[in-house]
Amino acid sequence: MSTALIDLADVSLGYGGAPVLADISLAIHRGEFMALVGPNGAGKTTLLRGILGLVRVLGGRIDYNFDRSTSPPGYVPQRDTLDPIFPLSAIEVVLMGTYAKLPPLRPVRQRHRRLAAQCLEDVGLAALAKRQFWELSGGQKQRVLIARALAAEPDVLFLDEPTAGVDHQAEAVIIDLIGRLNRDRGLTAVLVSHHLGHIQSLVHSVVWVDDGHATKRSIDAVRSEEGVAGLFRARD
Amino acid sequence: MNELLQILSPNFLLRDALFASVLVGTVCPLVGVYFVLRRMIFLGVALPQVSAAGIASSFFVYQLFAGPHQQMQGSEHVLAMIGSFSFTLAATLLLALLERRGRETVEARIGTTYAVAAAATILFLAKDPHGDAQMVNLLKGDILATTAASLNWMLAIFGAIVLMLFVFRKELLLVSFDRDLAVVFGKRVGLWDVVLYLMIGGVISLGVMTAGPMATFGFLVVPAVTVRMLAGRMLTFMVGSALVGGATAFAGFYCAYRFDLPLGPAEVALSSALLLVAWLFASVRRALLAWPSRSGEDMR
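Residues numbered from 1 in each chain as written. Chains lettered and ligands numbered in written order. Predicted model: local features only at pLDDT ≥ 70, side-chain atom pairs only at ≥ 80, totals over all residues.

1. What about the overall build of chain A?
When its secondary structure is counted, chain A shows seven helices and nine strands. In terms of overall dimensions, chain A is globule-like: its C-alpha atoms have a radius of gyration of 18 Å, near the 18 Å expected for 236 residues. Expressed along its principal axes, the backbone C-alpha trace of chain A runs to roughly 50 × 40 × 35 Å. Within chain A, the proportion of its 236 residues that are buried is 42%. (Helix = DSSP H or I, 4+ residues; strand = E, 2+ residues; numbered from the N terminus. Rg over C-alpha atoms; globule rule 2.2 N^0.38 Å. Buried ≥ 20, exposed ≤ 12 C-beta atoms within 10 Å, placed from the backbone.)

2. Quick look at the overall build of chain B
A tally of regular secondary structure across chain B gives 12 helices and zero strands. Starting at the N terminus and walking to the C terminus, you meet the elements of chain B as α-α-α-α-α-α-α-α-α-α-α-α. When contacts within chain B are restricted to residue pairs at least 6 apart in sequence, long-range pairs at least 24 apart make up 78% of them. (Contact = placed C-beta atoms within 7 Å.)

3. Topic: the sheet that holds strand S2 (residues 18-29) of chain A
All names here are of chain A. Across the sheet, three strands lie side by side as S2-S1-S4; this open sheet has antiparallel pairing. A single partner strand is all that each edge strand has here, and the edge strands are S2 and strand S4 (57-64). The mean inter-strand angle of the sheet, taken between neighbouring strand axes irrespective of direction, is 10 degrees. Two strands pair when backbone bridges link them, and strand S1 (residues 4-15) and S4 are joined in this way by six bridges, in the antiparallel orientation. Within the sheet, the bridge partner assigned to Asp-7 lies in S4 and is Asp-63. Most of the contacts of helix H1 (residues 44-52) go to S1, to which it runs at about 120 degrees, and overall it touches S1, S2 and S4. (Pairing = 2+ DSSP bridges. Axes fitted to C-alpha atoms, helices over the stretch in contact; angles between N-to-C directions.)

4. Describing the nonpolar core
Within the largest apolar cluster, 148 residues are counted, with the highest numbers of intra-cluster contacts made by Leu-36, Val-94 and Ala-147 of chain A. Take this core: its biggest share by element is 20 residues, from helix H10 (residues 189-228) of chain B. Residue contacts for Leu-36 of chain A: discarding those within four places in its chain leaves Lys-44, Leu-47, Leu-48, Val-190, Leu-191, Val-192, Val-207 and Val-209 of chain A. (Core = buried A, V, L, I, M, F, W, Y, C linked by C-beta atoms within 7 Å.)

5. Considerations on unusual backbone geometry
In the Ramachandran plot, Asp-10 of chain A falls in the positive-phi region, its phi being about 50 degrees despite a non-glycine side chain. Locating Asp-10 of chain A in the fold gives a position in strand S1. The phi angle at Asp-260 of chain B is positive, at roughly 55 degrees, despite the residue not being glycine. On the secondary structure map, Asp-260 of chain B appears in the loop between helix H11 (234-259) and helix H12 (263-299).

6. Some details on the interface of chain B and chain A
Counting from both sides, the interface comprises 22 residues of chain B and, opposite them, 24 residues of chain A. Within the residue set of the side of chain B that touches chain A, elements represented by two or more residues are helix H2 (15-37), helix H8 (169-177), helix H9 (179-184) and H11 of chain B. A class-by-class count of the residues in the side of chain B that touches chain A yields 13 nonpolar, two polar and seven charged. (Nonpolar A, V, L, I, M, F, W, Y, C, P; charged D, E, K, R; others polar.)

7. Comments concerning the packing of helix H2 (residues 90-98) of chain A against helix H4 (residues 138-150) of chain A
Residues and elements named next belong to chain A. The contact between H2 and H4 brings their axes to 6 Å, and the two run at 35 degrees. As for the relative orientation of H2 and H4, their crossing is right-handed in sense. Across from Ala-90, Val-93, Val-94, Met-96 and Gly-97 in H2, the residues of H4 making contact are Val-144, Ala-147, Arg-148, Ala-149 and Leu-150. Grouping the amino acids of the contact of H2 with H4 by side-chain chemistry returns eight nonpolar, one polar and one charged. (Left-handed = near helix turned anticlockwise from the far one by under 90°.)

8. Topic: the sheet that holds strand S7 (residues 188-193) of chain A
Residues and elements named next belong to chain A. Judged by pairing direction, the sheet is mixed, and its six strands sit side by side in the order S5-S6-S7-S3-S8-S9 without closing on themselves. The sheet terminates laterally at strand S5 (74-76) and strand S9 (213-217), the two strands that pair on one side only. The sheet shows a mean angle of 15 degrees between the axes of neighbouring strands, direction not considered. Against the sheet, H4 makes contact with S5 and strand S6 (156-160), and its axis sits at roughly 165 degrees relative to S5, the strand it touches most. Across the sheet, helix H5 (residues 168-185) touches strand S3 (33-37), S6 and S7, and the angle it forms with S7 is around 155 degrees.

9. Observations concerning the pairing of S3 of chain A
All names here are of chain A. Summarising burial for S3: five of the five residues are buried, a large majority. Side-chain alternation along S3 places Phe-33, Ala-35 and Val-37 on one buried face and Met-34 and Leu-36 on a second face that is also buried. Where S3 meets S7, five bridges bridge the pair, whose relative direction is parallel. Across the sheet, the residue bridging to Phe-33 is Ala-189, located in S7. The sheet contact formed by S3 and strand S8 (residues 205-210) spans four bridges and is parallel.

Encoded structure:
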């Protein structure tokens, strides 16, 4: 019997009917910290978005062995996909995470506000709750988005390049935070990254995405010279 | 001052028109906020024109089946509302569908819509024996013709829309701010888009029939753009836009009454003046906030 939280069986993903990734078979297990790694443009984000239902599945099957309506996945998008025209404070952004379990006509209540405040505290930004989201540094914005994902009270957290465009210090803080969430809360985490860097000591498994395929590899294999060299190989 | 007291008097002859004007000024910015946030401001130019084409088409249909008319009232008024609303909604949904396909640029889609709607308005009215007069009414709005009955209708429709905006604000915000997250959360984003477009269609139709396309566009966009420069939170943004729109409509009505000016342009001119003031204020504030850090950099 499979204990996987999410099962991908011969999945093909793509845009406009043209597959970007094909024949992907993967299992994401409860409590696992998985990294999707590969060169730029290889399809890591497409794979993550496909698992989340944001990219069309052209073939195969994705099974979610949990109830997405009662335990929706937490999602941390690349922060430059969000539009700075929205006047939002940090706490307002986090509060959006609580909307996951709020059906229409059900208002945001005090306990949702407390949950949002707690999530912001969990990422170490309680003091910045009322600050404008767009005035925060790149690393702080990313932590606010992680807090928003936590406010959905998810079983699994998906993060799309959470350390892209932040300095080394902020990167270490973010990676440490995700590692703690995985270790201390048993939160399953799937993270897209174009390099192993800080995450290699924390992840349990690595999925190598390249040439239209995604294969699970041991960390040792990826750590090996061949794997690391492959990460930085220039694409044709 | 005397004119202001006259306007505020309960027996003011144009009281219903004043209320209608303030209502349009208050409610249009509430949906206008979403025009600004979704970066579809130009749609705010095209849709009132589409709504005008809908009204002109209803004039055309009316005179085709019921004979010539002198002024828009009674069943013709209802027909105009149906024409305006159906044209606006159809155009909004069509534009949303084309946007999803994304084959043309936004400017091309909206520009074409505006051109087609403007041409259709003139062509429909050209086939109407009273087309010229109707055209002038359509462009200026027919706010002075507001009656107690039509004001009640406006209150009911606008009230329902404001209530929906309030009740569904979390869904509308989530779908507008982070569509992907809304999908991940299992929200029906297409449905919420349609709900928003229905509200936009309702507000624009009623706004154009009451105040004309120009004033409607002005109130859709200018107060929201003004307040966006100053607001730091969504609630402030929405409430502030509505208050600025309502206050500008009242002040515009006063100016039009006091100086014998056309109402729509007076309201838009006042809104624009306020926008300029807000821009200057925001620029000065930004400069002051940046000043210490710049001087610090100079010292380093």
